[in-house]
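Read off the chains here:
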Amino acid sequence: MSLNKAFSEEEITRLFSGEMVVKNGSNGEKIGFFAGGSFLDDTKIEKFNEQLKGEKKMSKKVNWERINELIEKALNDGGLDKAEIDELKDLLRRAEEERKQKKTEKESLSERIDLSMTLVLGKKALEQAEKRFFESLPLKERLKVLKEKANKVEKSLSKVNAKMKHLEKEREERELQEFYEQYAKKFNHKL
Amino acid sequence: MNKDKRVLIAETMKNLQEAVFNSNLALMFQYEQELCDLVGEGFSMGFLKDLTQANKGKGNIVIDVYLSKVIEGVKKNKG
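Residues numbered from 1 in each chain as written. Chains lettered and ligands numbered in written order. Predicted model: local features only at pLDDT ≥ 70, side-chain atom pairs only at ≥ 80, totals over all residues.

## Some words on the interface of chain A and chain B
The line we're drawing: Contact between residues is assigned whenever the C-beta positions, reconstructed from backbone atoms, fall within 7 Å. The nonpolar class holds Ala, Val, Leu, Ile, Met, Phe, Trp, Tyr, Cys and Pro. Asp, Glu, Lys and Arg form the charged class, and all remaining residues, Gly among them, are polar.
Contacts between the two partners involve nine residues from chain A, matched on the other side by 14 residues from chain B. Residues that form the side of chain A that touches chain B fall into these classes: six nonpolar, two polar and one charged.

Laid out in structure tokens, this is it:
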């Protein structure tokens, strides 16, 4: 539902013109609008805003037909250019999100299988399109892409190394504490 | 806080042990003094005594020639 559907044109005009602003009797502070026989405070307006946001999200519904087109082009029609690769990547990411959100919804088994198959096929097509695109690049560009990939790997490796170092430090500290405890007990030493 | 102290004491003990095993007299005296400051003489000498007894006769010159005599001397003085 949108504001347009919830109110008549006149009500909306009144609401947005602010001509029916309701003020607090004691301090004159604005507490809401009075429009077409309904009082609208901030909470109600916020609720309508959320509904509007929801409608915007719905309009970004994943275009499964477009995914199929791109898959077809990637696998049987000479591959994809960079913009199409990015588009397919984005569509697949959103399609997966949509599938996760709709898990609870009732769907026929064949429908579910169809969509899952499209996703799997889409990933394969994307992989192939990326490979073809990479191979079509001049050597200099290929090296650039490889360097970027290597940098990403290096970054994630350094994160893993930092974590390993942290764990190693914890282990060493634990062993040192045990070493101390062993003698502290013997010589009755307390901290 | 206590965890940090325990780790610091244990590190000093390990350093002292290492200095003895490497026959590094200068470091041995330094770490023994540090350990003594951290946990007292009883603890630090007790630790050295244990170290000496566990490694006596294994060819470590500091233990066999020096520390054994010191530990014996402590025993006699106590006796």
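Following the structure, the description resumes.
## Structural notes on unusual backbone geometry
Threshold: Numbered from the N terminus, helices here are DSSP runs of H or I no shorter than four residues, and strands are runs of E no shorter than two. Burial is judged by counting the other C-beta atoms within 10 Å of a residue's own C-beta: 20 or more makes it buried, 12 or fewer makes it exposed, and any count in between marks it as partly exposed, with every C-beta position built from the backbone.
Despite not being glycine, N188(A) has its phi angle at roughly 50 degrees, a positive value. Mapped onto the secondary structure, N188(A) falls in the segment after α7 (139–186). Under the C-beta neighbour-count criterion, N188(A) is labelled exposed, with 9 such atoms within 10 Å. Residue S23(B) is not a glycine yet carries a positive backbone phi of 55 degrees. By the secondary structure assignment, S23(B) is in the loop between α1 (2–21) and α2 (25–39).

## Things to note about α7(A)
Residue and element names in this part refer to chain A. As a reminder, the rule being used: Helices are assigned an expected span. That span is 1.5 Å times one less than the residue count.
The terminal C-alpha atoms of α7 lie 69 Å apart, and with 48 residues this matches the ideal 70 Å at 1.5 Å per residue to within 8%. Counting buried residues along α7, only one of its 48 residues qualify, which leaves the element largely exposed. Phi for N188, located one or two positions after α7, is positive at around 50 degrees.

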